[in-house]
Amino acid sequence: MASETKVTYATLSADDAEMHREFDGAIAMVRRELGRTTPLYIGAGTRTAATTTTSTNPADTRVVVANVAAGTVEDVNDAVAAARQAFPAWRAKPWTERAAILGKAAAEVRRRRYELSAWLIFEMGKNRLEALGEVEELADLIDYYVDQMRDNDGYLRPMASLGPQDTNTSVLRPFGVWGVIAPWNFPYALLGAPIAAALITGNTVVAKPSSDTPLSGVLTAEIFRNAGLPPGVLNLLTGSGRVVGKALVEHPELDGITFTGSYEVGFRDLYQAFAVRYPKPCIVEMGGKNPAIVMDSADLERAVTGVFRSAFGMNGHKCSACSRVYVHRAVADEFLERLIKRTEEARIGDPLERGVFLGPLATASSLADYEKYVALARASGVIRTGGQRAAGAGLDHGHFVKPTIVTGLPHDHELMRQELFVPILAIQPVGDFEEAMVRANDTDFGLTAGIFTGKKAEIDGFLERIEAGVVYVNRAAGATTGAWPGVQPFGGWKASGSSGKNIGGLYTLPTYLREQSRTVVA
Ligand code: NAD
């Protein structure tokens with residue numbers, strides 16, 4: 001019997017024996033298929049590339065997960081041309097037909113969830129629950145966008161009229177060819193969700209996964225294409241950001257783009273560069289420097305659990321990861337002591353194994369970042385736990401590190417200001433709620449934030465004043481992390497995002513559409 005457990009990012013534990021049995025089977029199957037070679041997906045078919053790169057397992061970098069095609073500028077040109085050619089017919093299709101195809105894709109993602117999760121663990125190193133959560137999220141995101149289209153009647157609305165002979169309509173229509181560029185930390189969800197949003201609204205797509213997680217991108221594209229998309233509607237190019245990503249961004253025939261990734265690339269290389277000749281929609285979802293506030297009236301058990309999960313879950317590789325805690329002086333020592341204990345108990349190991357909480361850092365550059373930031377933390381603050389690589393049986397060939405807590409950093413220290421994206425958490429004591437709020441908001445970023453308090457006035461004050469797109473109060477499942485489509489729409493303010501509308505939410509689809517106001521006189 002298939003497991004009934006649905007894992008989300010708010011799942012605290014799942015000791016479902018059937019689920020783990022299915023995982024074991026999927027891992028064994030994927031292990032037999034490691035090292036497959038993947039092509040580019042352009043137009044109706046696939047194309048073998050002259051050059052390939054390897055995608056390796058961060059838990060054991062000797063293991064090749066896949067040999068992946070390296071796309072070129074010419075491939076980008078061909079993929080955009082294929083998407084352009086496919087656009088008029090795809091746009092003209094009733095949205096219900098597009099919805100039926102996407103619904104099939106979501107069902108297929110669910111059906112293959114253990115296999116997809118296993119590939120993800122091999123390629124990116126997240127643990128079983130995180131991997132399964134992401135696969136479930138992708139399926140839910142696709143379904144949610146289909147539901148949004150349905151709930152809004154395809155975004156076609158009758159309007160008022162100034163005379164008896166006028167029929168007036170507002171209709172939201174697709175832009176054309178949409179680019180999707182994704183990061184490595186949620187390689188299924190953050191590639192597949194913008195693809196689904198663009199497709200359900202009638203755009204055609206050229207997508208590029210991160211070069212650190214290309215196979216996840218290939219599997220996502222195969223599922224969408226095999227669900228029945230006409231040729232050219234979805235094209236997928238693996239390859240580097242500097243070649244494929246740049247060529248896509250600079251392509252004059254691209255009508256809109258969704259980028260999820262770092263502020264540095266998203267703002268400088270995309271947002272500022274994307275428009276030529278006239279403005280074009282450029283949705284950039286970027287990083288965070290997400291604070292949690294712990295007040296003296298907080299339930300400390302909840303605060304410790306929520307902060308631990310958000311700071312160190314998936315090794316801090318979440319844009320929503322908690323990286324700063326402002327804790328009231330009256331409870332600071334007790335909070336810190338309990339958090340350190342919880343952190344030191346976390347099981348580090350091969351993420352393929354049941355019960356491992358922390359796998360390896362996902363990329364070699366994350367490991368270099370961790371070592372650089374730890375040195376900076378040691379120089380200007382006090383490392384209370386962690387600060388070194390994790391050693392032990394089975395850890396010698398992977399990027400394993402210890403989750404790290406640092407205190408005593410000056411407020412304006414670079415570690416307090418820039419996104420780290422590795423498991424390093426800074427904790428600062430504060431005197432009162434006011435000081436905590438001022439510090440929490442003193443950042444260019446505005447993605448997520450959390451508070452733990454027993455006082456209603458502080459909850460109200462936090463919700464009114466915090467500058468972030470996703471906020472949580474007293475949440476043990478994650479102080480700043482763990483949003484779910486249709487539940488907590490996810491997006492950032494300020495340097496964290498450009499559209500002011502969140503993904504997986506009520507207003508996502510209109511960001512992929514442009515309005516046409518139609519008056520027909522009888
Ligand atoms: P990144 O910016 O390095 O890369 C993102 C994507 O852009 C990759 O596919 C990369 O190949 C491509 N790219 C790189 N240079 C490019 C260029 N010049 N032109 C076009 N494309 C280019 O980010 P990353 O390291 O893959 O991901 C981590 C970042 O993503 C973190 O900052 C994290 O906070 C952010 N993120 C944000 C969200 C969100 O929803 N706001 C979600 C997940 C991750």
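Let me sum up the structure you'll find in this document. (Residues numbered from 1 in each chain as written. Predicted model: local features only at pLDDT ≥ 70, side-chain atom pairs only at ≥ 80, totals over all residues. Heavy atoms only, no water.)

## Overview of the nonpolar core
- Within the largest apolar cluster, 80 residues are counted, with the highest numbers of intra-cluster contacts made by Tyr 145, Ile 195, Leu 199, Val 205 and Phe 224.
- In terms of nonpolar packing, the next biggest core, distinct from the first, is built from 28 residues, Val 401, Met 416, Phe 462 and Ala 468 among them. (Core = buried A, V, L, I, M, F, W, Y, C linked by side-chain atoms within 4.5 Å. Buried < 20%, exposed > 50% of the residue type's maximum accessible area, 1.4 Å probe, protein only.)

## Considerations on the packing of aromatic side chains
- Counting across every chain of the model gives 12 aromatic pairs.
- Each ring, one from Phe 308 and one from Phe 357, has its centre 5.1 Å from the other, and the planes form 20°; the classification is stacked. Of this pair, Phe 308 sits in helix 10 (residues 300-312) while Phe 357 is found in the loop between helix 11 (329-345) and helix 12 (364-380), placing the two residues 49 residues apart along the sequence.
- In this structure an aromatic cluster arises from ring pairing among Tyr 263, Phe 267, Tyr 271 and Phe 445.
- Directly above the ring of Phe 274 sits Lys 280, whose terminal nitrogen or CZ lies 4.5 Å from the centroid. (Phe/Tyr/Trp six-rings, centres within 6.5 Å; stacked < 30°, edge-to-face > 60°. Helix = DSSP H or I, 4+ residues; strand = E, 2+ residues; numbered from the N terminus. Lys NZ or Arg CZ within 6 Å of the ring centre and 35° of its normal.)

## Quick notes on helix 4 (residues 113-124)
- For helix 4, spanning 12 residues, the distance from its first C-alpha to its last is 16 Å, which sits close to the expected 16 Å at 1.5 Å a residue.
- Across the 12 residues that make up helix 4, a large majority, 12, are buried.
- Restricting attention to buried positions, one finds in helix 4 the residues Arg 113, Tyr 114, Glu 115, Leu 116, Ser 117, Ala 118, Trp 119, Leu 120, Ile 121, Phe 122, Glu 123 and Met 124.
- Of the residues flanking the end of helix 4, it is Gly 125, one or two places downstream, whose phi is positive at about 90°. (Expected span 1.5 Å × (residues − 1).)

## Quick look at the packing of helix 1 (residues 17-33) against helix 4
- Their axes nearest at 8 Å, the elements helix 1 and helix 4 cross at an angle of 60°. Considering their axes alone, helix 1 and helix 4 lie oblique with respect to each other. Of the two possible hands of crossing, helix 1 and helix 4 adopt the one that is right-handed. Note on element contacts: helix 4 touches helix 1 through Tyr 114, Glu 115, Ser 117, Ala 118, Trp 119, Ile 121 and Phe 122, opposite Met 19, Glu 22, Phe 23, Ala 26, Ile 27, Met 29, Val 30, Arg 31 and Glu 33.
- The class makeup of the residues in the contact of helix 1 with helix 4 is 11 nonpolar, one polar and four charged. (Axes fitted to C-alpha atoms, helices over the stretch in contact; angles between N-to-C directions. Parallel < 35°, antiparallel > 145°, perpendicular 65-115°, else oblique. Left-handed = near helix turned anticlockwise from the far one by under 90°. Contact = heavy atoms within 4.5 Å. Nonpolar A, V, L, I, M, F, W, Y, C, P; charged D, E, K, R; others polar.)

## Digging into the layout of surface pockets
- Of the voids in this model, the second largest pocket is the one considered here, and its volume is about 570 Å³.
- Looking at the lining of the second largest pocket, the elements that each hand over two or more residues are helix 5 (128-151), helix 10 and helix 11.
- Of the residues that constitute the lining of the second largest pocket, the class distribution is 10 nonpolar, nine polar and 10 charged. (1 Å grid on protein atoms, 1.4 Å probe; cavity = no way out; pocket = protein on both sides within 12 Å on 5 of 7 lines; lining within 4 Å. Points joined across faces, edges and corners; volume = space filled by probe spheres on them.)

## Overview of the sheet that holds strand 16 (residues 404-407)
- The strand order across the open sheet formed by seven strands is 15-16-17-14-13-19-20, and the pairing between neighbours is mixed. One side of each edge strand has no neighbouring strand; the edge strands of this open sheet are strand 15 (382-385) and strand 20 (470-473). Sheet twist, expressed as the mean angle between neighbouring strand axes with direction ignored, is 20°.
- Where strand 15 lies against strand 16, three bridges are found, and the strand directions are antiparallel. When the sheet's bridge partners are listed, Val 382 is paired in strand 16 with Thr 407. (Pairing = 2+ DSSP bridges.)

## Section: empty space enclosed by the protein
- This model, assessed by the stated rule, comprises four cavities of 30 Å³ or more.
- Along its surface, the largest cavity is lined by 15 residues, and Thr 258, Glu 285, Ile 503, Thr 508 and Tyr 512 are the ones closest to its centre.
- Broken down by secondary-structure element, the contributors of at least two residues to the lining of the largest cavity are helix 6 (189-200), strand 11 (256-260) and strand 12 (282-285).
- In terms of residue class, the lining of the largest cavity is made up of seven nonpolar, six polar and two charged.

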